[in-house]
Amino acid sequence: MTFIDPSWGVKSDYVHNLAAKGERADGRGMNDYRKIEVTTDFIPHAPGSALVKMGDTQVIAGISLQAGKPYSDRPNSGVLMTGAELVPLASPEFEAGPPSPKAVEIARVVDRCIRESDSIDMDKLCIEKGEAVWMVMVDMHVLNYAGNIFDAGCLAATAALHNTKMLKFEDGLVIKEKQKTKLPVKKKPVECTFVKVGDAVMLDPSLDEEHALDARITFGMVEKGLCAAQKGGKGSFTQPEIDSAFELAMKKAGELRKHI
Amino acid sequence: MGMKSDIKLIDAKGKRLDGRAIDEMRPLKIEAGVLEQADGSAYLEWGNNKVIAAVYGPRECLPRHKASPYGSTLMYRYNMAPFSVDDRKRPGRDRRSTEISKISEEALNKVVLTERFPNSMININVEVLQADAGTRCAALTAASVALADAGIPMKDMVASCAAGKAGDHIVLDLGKLEDNFGKADVPMAIVPHTGEIVLLQMDGDLSPKEFKTAMTLATKGCMMAYEEQKKALKAKYKGGGKK
């Protein structure tokens, strides 16, 4: 069953009317993030983890390390895998079962952002060429869905990666004991998401704003430029809207990075 | 994307591996109305890509819970044939096709007048028969023609094309090697009449300036694809649509 709350239609009108006046229900400016809190090492048993609160949205990212065979076309490189779970605990909208298209999209956009930013030094994750490499699994677990999982999830993933300690590999086995050495992570890729409501474009959508959105654009930002982008939603953007959102994303990415 | 190699993607004269200029698209050919069972269909060849699209509907919405009293539910399915790529693709849905289907479906929602057919569904099924970089753009371009061929009311078609970065140049419509060894890929889709952007993705590494150049170039590519879409429809429907 797809969950639809009867109040969404009313709230959507409210969000639209406010947006037309350049206002938001929670009093934020159009280009403000909600309050952000990052707690690293939230799950001490995992090699790396972080809990991110973005307003009421809460996402945990956990990092697991396994040894596995590398891909044949990159025998020297470690492997990155990213998943997102929208568990039923986090929202009345989420259902148990195989990942929904929404979860797949979030996981793949965060995956692209981290992968294409080249932030993990994959060549340092080689254990034995062609035989064994470290596989870095990033799993985003949403605890409370109140809008903008893209940005919160990516921030949690990057914070967790920066906090990840390597494990020991001996005689073909991984020993689950955290070492002092850190996972070789160089950069801090983050995502900035904007939504279009009517003719207004706003940063960091709340849940009601996400239900009311016409279109959504996410920019994956790395120190010098762009590493990923994804448009979503049934509406459209004009070229000037994309350009100004992108310019703003460059500024906001710096703000996000301060939390890591 | 981003695999390292010694291949030089652009030579000293600014020509690409397949001899194209940097703002040149691969040859694109579209034929409308190729499947007898479907309400609308299209076959497309774009470089070495071969894609076929079929539209069924509007028809009763199944599963029922997907139906909406506000309009028809579009259901877009992007699927790759197992033999479409060098290493056999395991049949069925994977994360990549799920994502592509989702964003393409959202893109088409902008142009289809779904409000005309409440509680129904419109299925858009696209099969990639041979893949050679740029299949999501090829699929969406073919799907628009199939929708028009099915007589479904639309504001306009959606036209799609990618730009990217090969070597140090921003180029139009990446080929296979450029996709594998290039530095960035920017697939885009627009509503040609208004220029509105309905699909935009990017992966790789681009400076702000390069990103803007890539979007401008991709928009041009979309307009070229749009001309071919119109040609395909005119070819079928000139003279009352009898073949």
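Further up the page is the structure itself.
Owing to the predicted nature of the structure, the values given are computational and were not obtained by experimental measurement.

## Re the overall build of chain A
Here is step 1: Helix and strand content of chain A: five helices and 12 strands.
Here is step 2: In terms of overall size, chain A behaves like a compact globule, its C-alpha atoms giving a radius of gyration of 19 Å where 260 residues would be expected to give roughly 18 Å.
Here is step 3: Reported as C-alpha extents along the three principal axes, the dimensions of chain A are approximately 65 × 40 × 30 Å.
Here is step 4: By residue count, 46% of the 260 residues in chain A fall in the buried class.

## What about the sheet that holds strand β1 (residues 28–32) of chain B?
Residue and element names in this part refer to chain B.
Here is step 1: With mixed pairing, the five strands of this open sheet are ordered in space as β1-β2-β3-β5-β4. In the strand order of this sheet, the two ends are held by β1 and β4 (73–80), each with one partner. The sheet shows a mean angle of 15° between the axes of neighbouring strands, taken without regard to direction.
Here is step 2: Inspection of the sheet shows strand β3 (residues 49–60) paired to strand β5 (residues 120–130) by nine bridges, in the antiparallel sense.

## Description of the pairing of strand β2 (residues 48–54) of chain A
All names here are of chain A.
Here is step 1: For β2, a buried count of six out of seven residues is recorded, marking the element as mostly surrounded by other parts of the structure.
Here is step 2: In this structure, strand β1 (residues 36–40) lies alongside β2, joined through five bridges in antiparallel fashion. Bridge pairing in β2 links Val-38 to Val-52.
Here is step 3: With seven bridges joining them, β2 and strand β3 (residues 57–68) adopt antiparallel strand pairing. Note that in β3 the partner of Ala-50 across the bridge is Ala-61.

## Some thoughts on the interface of chain A and chain B
Here is step 1: Each side of the interface is counted separately: chain A has 29 residues, and chain B has 30 residues.
Here is step 2: Mapped by element, the contributors of at least two residues to the side of chain A that touches chain B are α2 (101–116), β12 (225–232) and α5 (239–257) of chain A.
Here is step 3: With eight residues, the top contributor of residues to the side of chain A that touches chain B is β12 of chain A.
Here is step 4: Bridge count for β12 of chain A against strand β9 (residues 196–206) of chain B is four bridges, and the pairing is antiparallel. Following the sheet pairing, Ala-228 of chain A is matched in β9 of chain B by Asp-203 of chain B.

## Re the nonpolar core
Here is step 1: Grouped together as the largest cluster of nonpolar side chains are 148 residues, with contacts concentrated most on Ala-156 of chain A together with Ala-53, Ile-124, Ala-142, Ala-143, Ala-146 and Met-188 of chain B.
Here is step 2: If sequence neighbours within four positions are ignored, Ile-124 of chain B has contacts with Ala-53, Val-55, Leu-74, Met-75, Tyr-76, Leu-108, Ala-143, Ala-146 and Leu-147 of chain B.

## Section: the packing of α5 of chain A against helix α4 (residues 208–237) of chain B
Here is step 1: Interhelical geometry of α5 of chain A versus α4 of chain B gives an angle of 165° and a closest axis separation of 12 Å. Accordingly, the angle class assigned to the pair α5 of chain A and α4 of chain B is roughly antiparallel. Two packed elements cross with a definite hand, and for α5 of chain A against α4 of chain B that hand is right-handed. Contacts between α5 of chain A and α4 of chain B involve Gln-239, Asp-243, Phe-246 and Met-250 of chain A from the first element and Pro-208, Phe-211, Lys-212 and Met-215 of chain B from the second.

Cut-offs and rules
- Residues numbered from 1 in each chain as written.
- Chains lettered and ligands numbered in written order.
- Predicted model: local features only at pLDDT ≥ 70, side-chain atom pairs only at ≥ 80, totals over all residues.
- Helix = DSSP H or I, 4+ residues; strand = E, 2+ residues; numbered from the N terminus.
- Rg over C-alpha atoms; globule rule 2.2 N^0.38 Å.
- Buried ≥ 20, exposed ≤ 12 C-beta atoms within 10 Å, placed from the backbone.
- Pairing = 2+ DSSP bridges.
- Axes fitted to C-alpha atoms, helices over the stretch in contact; angles between N-to-C directions.
- Contact = placed C-beta atoms within 7 Å.
- Core = buried A, V, L, I, M, F, W, Y, C linked by C-beta atoms within 7 Å.
- Parallel < 35°, antiparallel > 145°, perpendicular 65-115°, else oblique.
- Left-handed = near helix turned anticlockwise from the far one by under 90°.

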